[in-house]
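# Structure at a glance
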Amino acid sequence: DAKTTQPPSMDCAEGRAANLPCNHSTISGNEYVYWYRQIHSQGPQYIIHGLKNNETNEMASLIITEDRKSSTLILPHATLRDTAVYYCIVSNSGYALNFGKGTSLLVTP
Amino acid sequence: GAVVSQHPSWVICKSGTSVKIECRSLDFQATTMFWYRQFPKQSLMLMATSNEGSKATYEQGVEKDKFLINHASLTLSTLTVTSAHPEDSSFYICSATGTSGRPSYEQYFGPGTRLTVT
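Report on the accompanying structure.

Rules used throughout
Residues numbered from 1 in each chain as written. Chains lettered and ligands numbered in written order. Predicted model: local features only at pLDDT ≥ 70, side-chain atom pairs only at ≥ 80, totals over all residues. Heavy atoms only, no water. Phe/Tyr/Trp six-rings, centres within 6.5 Å; stacked < 30°, edge-to-face > 60°. Buried < 20%, exposed > 50% of the residue type's maximum accessible area, 1.4 Å probe, protein only. Helix = DSSP H or I, 4+ residues; strand = E, 2+ residues; numbered from the N terminus. Salt bridge = Lys/Arg side-chain N within 4 Å of Asp/Glu carboxyl O. Contact = heavy atoms within 4.5 Å. Buried area = accessible area lost by both parts, 1.4 Å probe. Polar contact = N/O pair within 3.5 Å; in protein donor to acceptor, adjacent residues only side chain to side chain. Nonpolar A, V, L, I, M, F, W, Y, C, P; charged D, E, K, R; others polar. Core = buried A, V, L, I, M, F, W, Y, C linked by side-chain atoms within 4.5 Å. Pairing = 2+ DSSP bridges. Axes fitted to C-alpha atoms, helices over the stretch in contact; angles between N-to-C directions.

## Regarding the packing of aromatic side chains
For the structure on display, the rule yields 11 aromatic pairs over all chains. Summarising the aromatic geometry, the rings of Y34 of chain A and Y36 of chain A are spaced 6.5 Å apart at their centres and angled 35 degrees between planes, so their arrangement reads as tilted. For the pair Y34 of chain A and Y36 of chain A, one class covers both residues: buried. Between the aromatic rings of Y36 of chain A and Y46 of chain A, the centroid separation amounts to 5.7 Å while the plane-to-plane angle is 75 degrees, which identifies the pairing as edge-to-face. Of this pair, Y36 of chain A sits in strand β3 (residues 32-38) while Y46 of chain A sits in strand β4 (residues 45-50), placing them 10 residues apart in sequence. Put simply, the rings of Y32, Y34, Y36, Y46, Y87 and F99 of chain A together with Y36 and F109 of chain B pair up and form one aromatic cluster.

So, in structure tokens, the structure goes:
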């Protein structure tokens, strides 16, 4: 699996958009970009994934650059419950996920 | 709602005993289940991949005779930690990916099992 690089931590004010970047310069053509998050002492939660196109669901938006070497997860209106570790992972569909260190997002009142 | 359950959610056992952790997919058939463990302040590390009806594939450095994995049905996989020692204390998490009823690209994670070996 390709490796990803994420900032170790970020802060965001409640109600504002949280933009979490991820670099994956060695991604291969058939690998997807997945985002998961883990709230303390819980199992990871799927957020969103994409291959080439930008994606949006009820939780977040995923912006993937045209060269696919980086992406940004956007939480449009962060709440305190969005405080978690966010993992950007590149992988083939159905394969095990290689979790890096992720970004610890702190949403503040 | 949650689609993968784990039991127990936490367990304390004495050194030298064995502990079994169950992972169930509740509303879909899981052709593949993965077992991860997570030490404090660290990320999840893949231990093994389990396909229904087949022997599990273990990651390098994970002892297959110590961590016994059984995936006998499409909805249940078990991880047995044999002769547990304090260094096996960790957060064990399973995930499942399946066929009917769920997209194959998405892995569904259980809530995790906290194991403490005294």
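There is more to say after this.
## Some details on the pattern of salt bridges
Close approach of charged atoms lets side chains of opposite charge pair. Residues and elements named next belong to chain B. This structure, assessed with the given rule, holds 3 salt bridges over all chains. Two residues, K66 and D88, come together in a salt bridge whose shortest N-O distance is 2.9 Å. Of the two residues, K66 is situated in the loop between β6 (57-58) and β7 (67-73) and D88 in the loop between β8 (76-81) and β9 (90-98); the sequence distance between them amounts to 22 residues. In terms of burial, K66 and D88 fall into one category: buried.

## Digging into the interface of chain B and chain A
Many analyses report the size of an interface as the accessible area lost when the parts associate. Facing 18 residues of chain B, the contacting portion of chain A comprises 17 residues. Interface area, chain B with chain A, both sides summed: about 1,300 Å², of which 56% is carbon and sulfur. Inspection of the chain B/chain A interface yields 0 salt bridges. Summed over the shared surface of chain B and chain A, the number is 5 residue pairs in polar contact (both at pLDDT 80 or more). If you list the elements that add at least two residues to the side of chain B that touches chain A, you get β4 (30-38), β5 (45-51) and β9 of chain B. Of the residues assigned to the side of chain B that touches chain A, the class counts are 9 nonpolar, 7 polar and 2 charged.

## A few points about the nonpolar core
Note on soluble globular proteins: their nonpolar side chains tend to be buried together. V4, W35 and L115 of chain B are the most contacted members of the largest nonpolar core, which totals 26 residues. Elements represented by at least two residues in this core include exactly β2 (10-13), β3 (19-25), β4, β5, β7, β8, β9 and β11 (113-117) of chain B. Judged by nonpolar contacts, the second largest core, of 21 residues, contains A18, L20, A60 and L105 of chain A.

## Some points on unusual backbone geometry
Only a minority of non-glycine residues have a phi that is not negative, and only a minority of peptide bonds are not trans. H7 of chain B connects to P8 of chain B through a cis peptide bond whose omega is 0 degrees. By the element assignment, P8 of chain B lies in the loop between β1 (4-7) and β2. Positioned with a positive phi, S41 of chain A is a non-glycine residue whose angle comes to about 65 degrees. A positive phi angle, near 65 degrees, is found at R68 of chain A, a position not held by glycine. With respect to the helices and strands, R68 of chain A occurs in the loop between β6 (61-64) and β7 (70-75). Its relative accessible area of 8% is what places R68 of chain A among the buried residues.

## Overview of the sheet that holds β3 of chain A
All names here are of chain A. Spatially, 5 strands are ordered β1-β9-β8-β3-β4 in an open sheet, and the strand pairing comes out mixed. A strand with exactly one partner marks an edge of an open sheet, and here the two such strands are β1 (9-13) and β4. Neighbour-to-neighbour, the strand axes of the sheet open up by a mean angle of 25 degrees, direction not taken into account. Alignment of β3 against strand β8 (residues 84-91), held across 7 bridges, turns out to be antiparallel. Across the sheet, residue V33 finds its bridge partner in β8, namely V90.

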